[in-house]
Amino acid sequence: MEHLSNLLNKKDSDLSWVLRLSLRGMAAQLKEAIAKYTTDSGVQECQALLKELDSLLKPTLINEEKIQETKFDDALIPITPPSENEESSPGKTPLEPIQNQEKQETNSSETNDLLPPISSNDGLEPIPSPPENEQKLIGLQEVLLADNKIKDSDLGWVLRLSLRGMAAQLKEAIAKYATAPGVQECQTLLEEIDLLLEPSLEPIPSPPENELKLIHLWKLLLTDNKIKDSDLGWVMRLSLRGMAAQLKEAIAKYTTAPGVQECQTLLEKLDSLLEPSEANNRLIPIPPKEPLSPIPPPPENEMKIRLRVVFLTDNKLSEYVGAVELNSNNVSDLWQELQCLLLRLPESEANRWQNQALELALKVGGEKEERSLIPLPSTKDEILYPGLTGKLKAQGLCLSTQEKLDSRLTQTNLPEELLFLAKVISLYLKFIELDPQIHHALKAVDRFGVRCLSLDSEQKSKYINALIDRFQRAVTTEESGDILKILEARIDLDEAIHSLVYVPPVPRDSWWGKLQKECRDTLAVISTRAQNAGYQVRIRPLWGSYADIFSYSQNKNNDLERDSGGTPGEVLACLRVYAKIQEEVLPGRVLFRGQR
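Just so it is clear, the model here is predicted, and its values are computed rather than measured.

**Some thoughts on the overall build of the protein chain**
Helix and strand content of the protein chain: 21 helices and 14 strands. A burial count over the protein chain gives 49% of its 596 residues as buried. For the protein chain, restricting intrachain contacts to residue pairs at least 6 apart in sequence, the fraction spanning at least 24 positions comes to 67%. A total accessible area of about 30,600 Å² is found for the protein chain, and carbon and sulfur atoms account for 50% of it.

Laid out in structure tokens, this is it:
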């Protein structure tokens, strides 16, 4: 409510006044609804909301003292449910349909002279003669007051609800435009609407008096030149439009309620009264002769909309990456978020989606940009995805042989395999900061689950430290020359590298899967060196059916079960290889999909 209060306090703002106008109508309708649905769930919350609205609207308007007090703002009496009104109260005059023929004849000649001439070439239906117009709004009074089967129906209640909102808005408008033409007539109209809506035990006045009530509204809208072009006239037309919209909604909902046909007729009459024509072109703004083209959204917004529509509705995509959520608020971040997601797909699928994303960007004024790229350390030069320029701005991502290693890693005298691993680890450390969806499952840091690094700074710090420490130990053991210690250190480092995962884990034919396989292939080089030195060494990555490889991991409590990704019962990611060095067994560790 703070923002509402701040706007309402801007007394010189037209927007502030429009907001108050809407809130007054809303408050009036809410009072009526609370009175009707006294036992409905949420009544207490609605009453609390009503108090807050009253508090916001409490400051007295500048000219409000000029409004004659009416009974409208008094406490509302709940509208009696239909079941209690099926029979008229003893001694009361039953409601009779209102006849208006005499009144129509009386007013015909007097109001015809007030209507402007109608052009025969405008293509719009002319406004009917005054008696017909009188009949239009007398129909509203008949629906509300005269027809017993309708007045207590849901549709009748919706009509009364709309009139309550109209009355509240009219009161606010009178207070604002205290010196505008037609103020006295509008005050009279306000009193008449109150009388129409007031639960009364008195017999309904004779038909001529009732006709006068709504004929007065018709005259204000169509015949009084000093009022129809005023601000008050505009407010009344605005209220009638809201009433028509509410009535359409009610008819669609209560299709079998009593009075549907009568309400549809009333709706047609309201539409006819409010339609633009040469005769009432000052009542409602005239549409331009040539329809305006819709204003397109800014390229950034259009890009965000298109990407979300295409990617969030594709079930194939969710098979690989789970529930897709694109949370970024600007194109630059959204482009990066999307492209990082695509790197987790099988290569053929990733290429298809990357091309589609680029096509969408080109359609809204973006241009492919291959110079503004974020570089990642690598042993090869390759663009992972391009950036954008033109009407859209976003950086791309590339592998670069020129990018330096992370400063926390040993920089010099690295053998070829360790240099490659150093570049991968430097890439990891940079990627952790780029992609908030990345997780870890390193047992030495947390043995019980898979943790999102962007949501847990402690886990993130511990994983990064463990990754760097294991790399440094691999460098140290390499310098010692002890091949078995070198092999064990490299197995530990391989575990840390493969424990950087996504949820669900990536397929092995994705960009991520291929990068991790390249790292694991370096173990074969060390294993061969150990075998050439005379040691018995066996290393086995664990893939396939979990039932088949279970004996190569420590136990089921050591492995991690997931409920999404891949095939039920299959290994999703081999976190640590199984190894047997001489007679020592080093069990493996996996992420696997459960059978459920």
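Here the narrative resumes, following the displayed structure.
**Some points on unusual backbone geometry**
Pro-504 follows Val-503 through a cis peptide bond whose omega is -5°. Mapping Pro-504 onto the fold places it in the loop between strand 8 (500-501) and helix 20 (511-532). With phi around 55°, Asn-413 is a residue other than glycine that occupies positive phi space. With respect to the helices and strands, the residue Asn-413 is situated in the loop between strand 5 (396-400) and helix 17 (416-434). Despite not being glycine, Gln-582 shows a phi value in the positive range, around 55°. Of the residues examined, Gln-582 reaches a relative accessible area of 33% and is grouped as partly exposed.

**Describing the environment of Leu-434**
Assignment of secondary structure puts Leu-434 in helix 17. Taking the C-alpha atoms as reference points, Leu-434 and Asp-333, separated by 101 residues in sequence, lie 9.7 Å from one another. In this structure, Leu-434 is in contact with Gln-336, Ile-374, Leu-376 and Leu-397, ignoring residues within four places of it in sequence.

**A look at the environment of Leu-442**
As for its placement among the helices and strands, Leu-442 is situated in the loop between strand 6 (439-440) and strand 7 (451-452). Between the C-alpha atom of Leu-442 and that of Lys-462, which follows or precedes it by 20 residues, the distance is 9.8 Å. In contact with Leu-442, not counting residues within four places along its chain, are Tyr-463, Ala-466, Arg-470, Glu-495, Ala-496, Ser-499 and Arg-589.

**Points about the pattern of salt bridges**
Going through the model one piece at a time under the given rule, you end up with 18 salt bridges. A salt bridge links Arg-408 to Asp-406; its shortest N-O distance comes to 2.9 Å. The residue Arg-470 makes a salt bridge to Glu-495 at a minimum N-O spacing of 3.0 Å. You can see Arg-470 sitting in helix 18 (residues 457-480) and its partner Glu-495 sitting in helix 19 (residues 483-498), a full 25 residues away along the chain. Under the relative-accessibility criterion, Glu-495 is labelled buried at 7%.

**Some points on the sheet that holds strand 10 (residues 560-562)**
Reading across the sheet, the three strands line up as 10-14-11 and stay open at both edges, with mixed pairing between neighbours. The sheet is open, and its two edges are formed by strand 10 and strand 11 (571-576), each paired on a single side. For this sheet the average axis-to-axis angle between neighbouring strands, irrespective of direction, equals 15°. The sheet contact formed by strand 11 and strand 14 (residues 589-593) spans four bridges and is antiparallel.

**Considering the layout of surface pockets**
The calculated volume of the second largest pocket comes to roughly 540 Å³. In terms of lining residues, the second largest pocket is bounded by 32 residues, among which Leu-343, Glu-382, Ile-383, Leu-384 and Trp-511 are the most central. For the lining of the second largest pocket, the secondary-structure elements that each account for two or more residues are helix 15 (331-342), helix 16 (347-363), strand 3 (382-385), helix 17 and helix 20. Classifying every residue of the lining of the second largest pocket by side-chain character gives 17 nonpolar, seven polar and eight charged.

**A look at the nonpolar core**
As a rule of thumb, soluble globular proteins bury nonpolar side chains together. Core analysis: the largest hydrophobic core is formed by 69 residues, its most contacted members being Phe-311, Tyr-428, Phe-431 and Trp-512. Per element, the largest residue contribution to this core is twelve residues, and it comes from helix 17. When residues no more than four places from it in sequence are discounted, the contact partners of Phe-431 are Cys-340, Leu-343, Leu-376, Leu-397, Tyr-502, Trp-511 and Trp-512. Within the second largest apolar cluster, 20 residues are counted, among which are Leu-170, Val-183, Met-243 and Ala-244.

Quick notes on the rules
Numbering of residues begins from 1 in every chain and follows the order in which that chain's sequence is written. It should be noted that, the model being predicted, local features are given only for residues of pLDDT at least 70 and side-chain atom pairs only at 80 or more, the latter also being counted only at that level, while totals for whole chains, interfaces and linings use all residues. Working from all heavy atoms in the structure, the side-chain values ignore hydrogens and water. Starting at the N terminus, helices and strands are each numbered in turn, a helix being any DSSP run of H or I of at least four residues and a strand any DSSP run of E of at least two. Each residue is assigned to one of three classes by its accessible area relative to the maximum for its type, calculated with a 1.4 Å probe on protein chains only: buried under 20%, partly exposed between the two thresholds, exposed over 50%. Here, two residues are considered to be in contact whenever any of their heavy atoms come within 4.5 Å of each other. The protein chains shown are the only cover counted for residues, whose accessible areas, like all others here, come from Shrake-Rupley with a 1.4 Å probe. We count a salt bridge whenever a side-chain nitrogen from Lys or Arg sits within 4 Å of a carboxyl oxygen from Asp or Glu. Any two strands with at least two DSSP bridges between them are considered paired. Every axis corresponds to a line fitted to the C-alpha atoms, with the helix fit spanning only the stretch in contact, and the corresponding angles, defined between N-to-C directions, vary from 0 to 180 degrees. Points on a 1 Å grid over protein atoms alone make up a cavity when a 1.4 Å probe fits among them but cannot get out, and a pocket when they form an open set with protein on both sides within 12 Å along at least five of seven lines; lining residues each have an atom within 4 Å of a point. Grid points are joined across faces, edges and corners, and a volume is the space filled by probe spheres set on the points. Following the grouping adopted for this structure description, the nonpolar residues are Ala, Val, Leu, Ile, Met, Phe, Trp, Tyr, Cys and Pro, the charged ones are Asp, Glu, Lys and Arg, and the polar ones are all others, Gly among them. In this text, buried Ala, Val, Leu, Ile, Met, Phe, Trp, Tyr and Cys residues form a nonpolar core when linked through side-chain atoms within 4.5 Å.

All we've got here are geometric facts, nothing functional implied.
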